[in-house]
Amino acid sequence: MTRKTLTQYLVEQQRESGTVAPEVRLLIEVVARACKAIGHAVGKGALGGVLGSLESENVQGEVQKKLDVMSNDILLEANEWGGHLAAMASEEMETIHPIPNRYPKGEYLLLFDPLDGSSNIDVNVSIGTIFSVLKAPHKEGGQAVTEADFLQPGSSQVVAGYAVYGPQTMLVLTVGAGVAVFTLDREQGAWVLTNDNLQIPADTKEFSINMSNMRHWDTPVKRYIDDCLAGEEGPLAKNYNMRWIASMVADVHRLLTRGGIFMYPWDKREPNKPGKLRLMYEANPMSFIVEQAGGRAITGTERIMDIQPDQLHQRVSVVLGSRNEVDRVKSYFDAK
Ligand code: AHG
Ligand code: MN
Ligand code: MN
């Protein structure tokens, strides 16, 4: 059987539905190539000297791992020269990175979490890269791009995707016309289409939450998980299973494949922060993918992609996955 490559898929999307502008196609291919390079570095592990931490902290006050910085550099370098971007923003950089003047500039903005699941790097558990693409607002007379240009709701995303570096390296992508999955053919070095229309099962019996935070949760989350744990005899009348990988990419990849609900809700540990996960680099791109696969993504009470951001690095409460189960959790929040 001949399978399509990423390039063929994108060319066909461009021709048939007009969903992929030529500049966007180039952009996706460059990001995919960078993910291949990151996956290669990940695979070398101790042999490539890529494990362990650095002395530095990122803007969120988290200790940076070597791979956080290496992956960030790979993405910056790959995307600077192609002429398709105006600027980039990353979880690992305090401010935006405008395209240097020596290169032509394009109309798009690229945002990324270069390495998601950093706590799993040194223990050989799946990690990934998450990215999102926005269109830069039109400006008269070539005015410089600013941080404010990035502050668009998730519903404005043009593209979202992630790569997962696991037993297989995969790329999951949406350009707003469903979700396509590509598997890296390591011998050929090509991204090969392995599912052209990923759909999340609407129902599930599997939840994903860091249970060690239970004592800090808000009442609706506590009530929902208590009901799950009560199993067949409880109000939900089914026995639930639990999974928590602590790499959002890997947890979301599992629920995209076989259904599930993923939650990183606001909790009382740091009451002034709306959550742990980052809206622009994690929640928005994953919400776009999940919705395009027929699932839902909310904060508990509202749709994540409707949020008007006011800060580049802002955080958000996240509940996403199988449609009926997310609706169920929303009803617990609505009853509060
Ligand atoms: P990152 O490695 O980019 O900082 O993201 C880690 C995130 C997310 O991937 C995961 O779901 C969550 O943090 C895990 O958090 P806990 O360690 O609190 O479970
Ligand atoms: Mn992350
Ligand atoms: Mn990260």
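Residues numbered from 1 in each chain as written. Chains lettered and ligands numbered in written order. Predicted model: local features only at pLDDT ≥ 70, side-chain atom pairs only at ≥ 80, totals over all residues. Heavy atoms only, no water.

What follows covers the coordination of the manganese ion (ligand 2). At 1.8 to 2.1 Å from the manganese ion (ligand 2) lie its protein donor atoms, namely Asp113 (OD), Asp116 (OD) and Glu282 (OE). All donors of the manganese ion (ligand 2) belong to a single chain; written as a sequence motif, their spacing is D-x2-D-x165-E. The two metals, the manganese ion (ligand 2) and the manganese ion (ligand 3), are separated by 3.7 Å and share Asp113 as a common coordinating residue. On the criterion of sequence distance, the pair formed by Asp116 in strand 5 (residues 108-116) and Glu282 in helix 6 (residues 279-292) is long-range, its members being 166 residues apart. Residue classification places Asp116 among the buried residues on the basis of a relative accessible area of 4%. Under the relative-accessibility criterion, Glu282 is labelled buried at 2%. (Donors = N, O, S within 2.8 Å, 3.2 Å for Na, K, Ca; no water. Helix = DSSP H or I, 4+ residues; strand = E, 2+ residues; numbered from the N terminus. Buried < 20%, exposed > 50% of the residue type's maximum accessible area, 1.4 Å probe, protein only.)

Domain parsing of the chain yields domain 1 (6-195) and domain 2 (206-334). With 46 residues of domain 1 at the interface, the matching set in domain 2 holds 31 residues. Carbon and sulfur atoms supply 62% of the area that domain 1 and domain 2 bury against each other, a total of about 2,800 Å² over both sides. Residue Glu91 pairs with Arg278 through a salt bridge whose shortest N-O separation is 3.4 Å. If you look at where domain 1 meets domain 2, you find 16 residue pairs in polar contact (both at pLDDT 80 or more). Elements that contribute at least two residues to the side of domain 1 that touches domain 2 include exactly strand 3 (85-90), strand 5, strand 6 (127-135), strand 7 (159-165) and strand 8 (169-174). Here the residues of the side of domain 1 that touches domain 2 sort into 23 nonpolar, 17 polar and 6 charged. (Domains from an automatic or database assignment. Contact = heavy atoms within 4.5 Å. Buried area = accessible area lost by both parts, 1.4 Å probe. Salt bridge = Lys/Arg side-chain N within 4 Å of Asp/Glu carboxyl O. Polar contact = N/O pair within 3.5 Å; in protein donor to acceptor, adjacent residues only side chain to side chain. Nonpolar A, V, L, I, M, F, W, Y, C, P; charged D, E, K, R; others polar.)

Counted under the stated rule, the structure contains 21 salt bridges. We note a salt bridge from Glu206 to Arg254, for which the minimum N-O separation is 3.5 Å. With Glu206 in strand 11 (residues 206-208) and Arg254 in helix 5 (residues 248-258), this residue pair connects regions lying 48 residues apart in the sequence. Like Glu206, the residue Arg254 is buried in the burial classification. With a shortest N-O distance of 2.9 Å, Asp306 and Arg303 are connected by a salt bridge. Taking relative accessible area as the criterion, Asp306 reaches 48% and is therefore assigned partly exposed.

Once that is clear, we can look at the sheet that holds strand 6. Hydrogen bonds between backbone atoms are what pair the strands of a sheet, whose relative direction is either parallel or antiparallel. Taking strand neighbours across the sheet as the criterion, the 8 strands line up as 4-3-5-6-7-8-9-10 in an open arrangement whose pairing is mixed. Edge strands, defined here as strands with exactly one partner in the open sheet, are strand 4 (97-98) and strand 10 (190-195). Two elements, strand 9 (residues 180-185) and strand 10, share 5 bridges in a ladder whose sense is antiparallel. Counterpart to Leu184 in the pairing with strand 10 is Trp191. (Pairing = 2+ DSSP bridges.)

Along the chain, Lys238 turns up in the loop between helix 4 (219-229) and strand 12 (241-242). The spatial distance from the C-alpha of Lys238 to the C-alpha of Cys228 is 7.7 Å, given a sequence separation of 10 residues. Sequence-distant contacts of Lys238, defined by excluding residues within four places in its chain, comprise Thr204, Lys205, Cys228, Gly231, Glu232, Glu325 and Arg328. Separated by 2.8 Å, the side chain of Lys238 and the backbone oxygen of Thr204 make a polar contact.

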